[in-house]
Amino acid sequence: MKNMENKYDVVVVGAGHAGCEAALAAARLGCRTACLVMNVDGIGAMSCNPAIGGLAKGHLVKEIDALGGEMAKNIDATAIQFRRLNTSKGPAVWSSRAQADRLLYRLRMKSVLENQENLHIRQAVVDRLVVRQGRIVGVITSLEEEIRCQTVIVATGTFLHGLIHIGLKNFPAGRLGDAPSNSLPSHLRELGFKMGRMKTGTTPRLDATTIDFSDLEAQYSDEPANLFSFASRGGPVLEQRPCHITYTNETTHEIIRAGTDRSPMYTGVIEGIGARYCPSVEDKVMRFPDKLRHQIFLEPEGLDTVEIYPNGLPTSLPVDVQLAMLRSIKGLEQVNIIRPGYAIEYDYVEPTQLTSSLETKLIRGLFLAGQINGTSGYEEAAAQGLMAGINAVRYCREEEPLILGRSQAYIGVLIDDLITLGTKEPYRLFTSRAEYRLLLREDNADLRLTDIGHRIGLVDDDTYQRFTIKKKAIGAAVDLLNTTRIRPSREVQERFRKKGLVEPRQTASLADLLRRPEIGLDDLAVLSGTALAIAEAVKVEVELEVKYEGYIKRQMEQVARSKKLEEIELPPGLDYGGIAGLSNEVVEKLNTITPRSLGQASRISGVTPAAISVLQVYLKKEGLL
């Protein structure tokens, strides 16, 4: 078929979290877009835990929202519990997390895609890509239907040669109940892509009617709830539900150890490399024999289901061992399993074969996003999908790609890590991966990225106008605190004493007082006797901007210094082998990664500061610097 119905600007293969964001971004930017999915009912499915956000992942969700993506709005509309993590630590690592109604999350996302202008959803299995003179021109489905396009975004999750393991039994599947994609990964290898094998896993799903919650600790939603989208107003949409906490014990561990002779992990059946930061329960027990118990969160999967997700218990043990293990845990003595836990192996493409735009170096117009690039997590996938969707459109329009720096966004850290360092295990984002994490807080994601989202066309004018009002309010509030000064009068000193605070001895601005760690923004009006008209919506940003002004300034200075290296571009096709002073190892790595700048080159493992100096001298000598 070669009619107009089979011609698109952008084709997205897959409709998980990466595929959904990619397809929506491309369509919202005005491109005729097709989203090809093996099963339309699987759009936006949460294959593993029914939650969005978490440590560093919450930052990604808010950045996606600030740029005009959908994930934050979707979780705000379908969450049954909101919590902010790491609140005992500094604001740079505060992270939001929300428990979702799994079914409603999927159905809402599916509806958003179905009603998006310029976006056509088609149930189809892509077997091959059509490449002409090094450029993508289309895809071919399992029904031999050819769909022509300018760009393709492959976002296939765990479906490439997916193989599920439960005990010593294994069978092909993309996830439990869904067929794998076998032709496409074989075709990618034929095209010349270097690929590897990874593993991830999920927990059994439990029947809540067979769980005794009476003696378990309940964990409730925060009050007030911290919503994800900067556009969301008011409180949660859905009724909020508690999670419950229980623990494994020595009996549990004995059952697990006794079952390892039938574990695919410990009998060599699984070849793929798993995530060290989200290990199976059998891996935790075997690797940490001195730990007497492991925490388990019993998380409801929705308002209208009895299914419970036991967070902390991913496993691929045989079903009988899974049941015995579960029934040794407090509260689960009579529990029944609705769906067994399992491990899944799948193919991925080594991400060093990508440019900063997520376009492949091998084939122009071909973009990869999500777990195919070696990442784990819904949020990492969605962030890549959004950026791939944006850059696919910019490719179609022959515009420069949108590339976020490491000092601009966690999205920038994520992509730079992947394409510069690569990964041999499922990559998970952490706040510790960001050098400038005080600049990349959750609360200021809109201040960092909304201007960009509006400029490229994903943030609409109404949203942008609300943002500019907020931005001005923050600036006015900071100015007010810096310019309002109080004298150490007897009345002022008495107010400080009543609060148990050291009285001021000299005239000081309200900003100076706010920098004291024991004083918060809400204390200032009382202490100073000054009415402060600061909107509730901007209080957090105002307080953090003032309190951490010195630290933020130092990080900005670090950014300015590193920017100098980032701005020194390395010419495409540079012959590193012909540059005297570079070792064979450095030449090999530079030729493999082909960094776009000296800054990126400096982050490649094995590329020494001496090698960077050699490159600088060479560029200057050749008149390229």
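Please refer to the structure higher up on the page.
Summarised in this report is the structure supplied together with it. (Residues numbered from 1 in each chain as written. Predicted model: local features only at pLDDT ≥ 70, side-chain atom pairs only at ≥ 80, totals over all residues. Heavy atoms only, no water.)

Along the chain, Ser509 falls in strand S22 (residues 508-509). Beyond its immediate sequence surroundings of up to four residues, Ser509 is in contact with Leu481, Asn482, Thr484 and Arg485. (Helix = DSSP H or I, 4+ residues; strand = E, 2+ residues; numbered from the N terminus. Contact = heavy atoms within 4.5 Å.)

So, on to helix H1 (residues 17-28). Taking 1.5 Å of rise per residue, 12 residues should cover 16 Å, and H1 covers 17 Å from first to last C-alpha, within 8% of that figure. In terms of residue burial, H1 counts as a mostly covered element, since 11 of its 12 residues are buried. Every buried residue of H1 is accounted for by His17, Ala18, Gly19, Cys20, Glu21, Ala22, Ala23, Leu24, Ala25, Ala26 and Ala27. (Expected span 1.5 Å × (residues − 1). Buried < 20%, exposed > 50% of the residue type's maximum accessible area, 1.4 Å probe, protein only.)

Glancing now at the packing of aromatic side chains. A full pass over the atoms with the stated rule returns 3 aromatic pairs. Measuring from ring centre to ring centre gives 6.3 Å for Phe367 and Tyr395, while their planes differ by 80°; the resulting arrangement is edge-to-face. Taken together, the residues span a long stretch of sequence, with Phe367 in strand S20 (residues 366-368) and Tyr395 in helix H9 (residues 378-396) at a distance of 28 residues. Judged by relative accessible area, which is 15%, Tyr395 ranks as buried. Between Tyr464 and Phe467, the aromatic rings sit 5.8 Å apart at their centres with planes inclined by 40°, giving tilted as the arrangement. Of this pair, Tyr464 and Phe467 both sit in helix H12 (residues 461-483), 3 residues apart, which is roughly one turn of the helix. Taking the ring centre of Tyr8 as reference, the NZ or CZ of Arg32 above it sits at 4.4 Å. (Phe/Tyr/Trp six-rings, centres within 6.5 Å; stacked < 30°, edge-to-face > 60°. Lys NZ or Arg CZ within 6 Å of the ring centre and 35° of its normal.)

Along the chain, the position of Thr468 falls in helix H12. A residue is classified by how much of its surface remains accessible, and Thr468, at 22% relative accessible area, is partly exposed. Considering only alpha carbons, one finds Thr468 and Gly272, 196 residues apart in sequence, at a separation of 48 Å.

Moving on, we get to empty space enclosed by the protein. Counted according to the given criterion, the structure contains 1 cavity of 30 Å³ or more. Quantified by volume, the largest cavity comes out at close to 40 Å³. Contributing to the lining of the largest cavity are Gly16, His17, Cys20, Glu21, Gly44, Met71, Tyr105, Met109 and Ala382. Contributions of two or more residues to the lining of the largest cavity are made by H1 and helix H4 (102-114). When residues in the lining of the largest cavity are grouped by element, the largest group, 3 residues, is from H1. (1 Å grid on protein atoms, 1.4 Å probe; cavity = no way out; pocket = protein on both sides within 12 Å on 5 of 7 lines; lining within 4 Å. Points joined across faces, edges and corners; volume = space filled by probe spheres on them.)

With that out of the way, let us pick up the layout of surface pockets. Approximately 1,300 Å³ is the volume attributed to the second largest pocket. Contributing to the lining of the second largest pocket are 45 residues, with Ser229, Phe230, Ser232, Lys470 and Ala537 lying nearest its centre. Elements with a minimum of two residues in the lining of the second largest pocket: helix H2 (57-67), helix H11 (445-456), H12, helix H15 (521-528) and helix H16 (539-547). When residues of the lining of the second largest pocket are assigned to their parent elements, the largest contribution, 6 residues, is made by H12. Within the lining of the second largest pocket, the residues separate by chemical class into 19 nonpolar, 8 polar and 18 charged. (Nonpolar A, V, L, I, M, F, W, Y, C, P; charged D, E, K, R; others polar.)

In this section: a nonpolar patch on the surface. On the surface, Leu103, Leu104 and Leu107 cluster together into a nonpolar patch covering about 230 Å² of accessible area. Looking at where Leu103 falls in the secondary structure, it is placed in helix H4. (Patch = residues over 30% accessible without salt bridge, like charges linked within 9 Å, V, L, I, M, F, W, Y side chains within 5 Å. Areas by Shrake-Rupley, 256 points an atom, 1.4 Å probe, with all protein chains shown as cover. Salt bridge = Lys/Arg side-chain N within 4 Å of Asp/Glu carboxyl O.)

With 5 of its 5 residues buried, strand S2 (residues 33-37) lies for the most part within the structure. Here strand S1 (residues 7-13) pairs with S2 via 4 bridges, running parallel. When the sheet's bridge partners are listed, Val13 is paired in S2 with Leu36. Following the backbone out of S1, through H1 and into the adjacent parallel S2, one traces a crossover that is right-handed. Sheet analysis places S2 next to strand S6 (residues 119-123), joined by 5 bridges and oriented parallel. Within the sheet, the bridge partner assigned to Leu36 lies in S6 and is Arg122. (Pairing = 2+ DSSP bridges. Right-handed = clockwise from strand over helix to strand, strands pointing away.)

Its place among the elements puts Thr156 in the loop between strand S9 (146-154) and strand S10 (163-166). As a C-alpha pair, Thr156 and Asn373 span 217 residues in sequence and 9.9 Å in three-dimensional space. Every residue in contact with Thr156, bar those within four places of it in the chain, is listed here: Val13, Leu184 and Ile372.

Tallied over the entire structure, the rule returns 44 salt bridges. Taken together, the salt bridges that share partners define one network made up of Arg406, Asp416, Asp417, Glu435, Glu566 and Arg603.

Further remarks concern the sheet that holds strand S3 (residues 51-53). The strand order S3-S5-S4 describes an open sheet built from 3 strands, whose pairing is antiparallel. Strands with a single pairing partner mark the edges of an open sheet, and in this sheet they are S3 and strand S4 (79-85). Recorded for the sheet is a direction-independent mean angle of 15° between the axes of neighbouring strands. Two strands pair when backbone bridges link them, and S3 and strand S5 (residues 95-100) are joined in this way by 3 bridges, in the antiparallel orientation. (Axes fitted to C-alpha atoms, helices over the stretch in contact; angles between N-to-C directions.)

On to the pairing of S9, then. Burial within S9 is extensive, with 7 of its 9 residues counted as buried. Across 3 bridges, strand S8 (residues 135-141) lies against S9 in antiparallel orientation. Paired with Gly138 across the two strands is Arg148, which belongs to S9. Counted along the chain from S8 to the antiparallel partner S9, the turn is 4 residues long, and its residue Glu144 has a positive phi close to 65°. The pairing of S9 with S20 spans 3 bridges and is parallel. For Ile153, the partnering residue across the bridge sits in S20 and is Phe367.

Let's shift gears to the nonpolar core. Residues Val11, Val152 and Ile411 are the most contacted members of the largest nonpolar core, which totals 105 residues. Here this core takes 12 residues from H9, the largest share from any one element. Beyond its immediate chain neighbours, meaning those up to four positions away, Val11 contacts Ala34, Leu36, Val139, Ile147, Cys149, Thr151, Val152 and Ile153. Counting 21 residues, the second largest nonpolar core, distinct from the first, contains Phe496, Ala511, Leu513 and Val542. (Core = buried A, V, L, I, M, F, W, Y, C linked by side-chain atoms within 4.5 Å.)

Time to look at the sheet that holds strand S15 (residues 243-247). Pairing is antiparallel across the open sheet formed by 6 strands, whose spatial order is S14-S15-S16-S17-S13-S18. With partners counted over all chains shown, the strands left at the sheet margins are strand S14 (217-219) and strand S18 (337-339), one partner each. Sheet twist, expressed as the mean angle between neighbouring strand axes with direction ignored, is 35°. Across 3 bridges, the pairing between S14 and S15 is antiparallel. Its bridge partner being in S15, Ala218 is matched across the sheet by His244.

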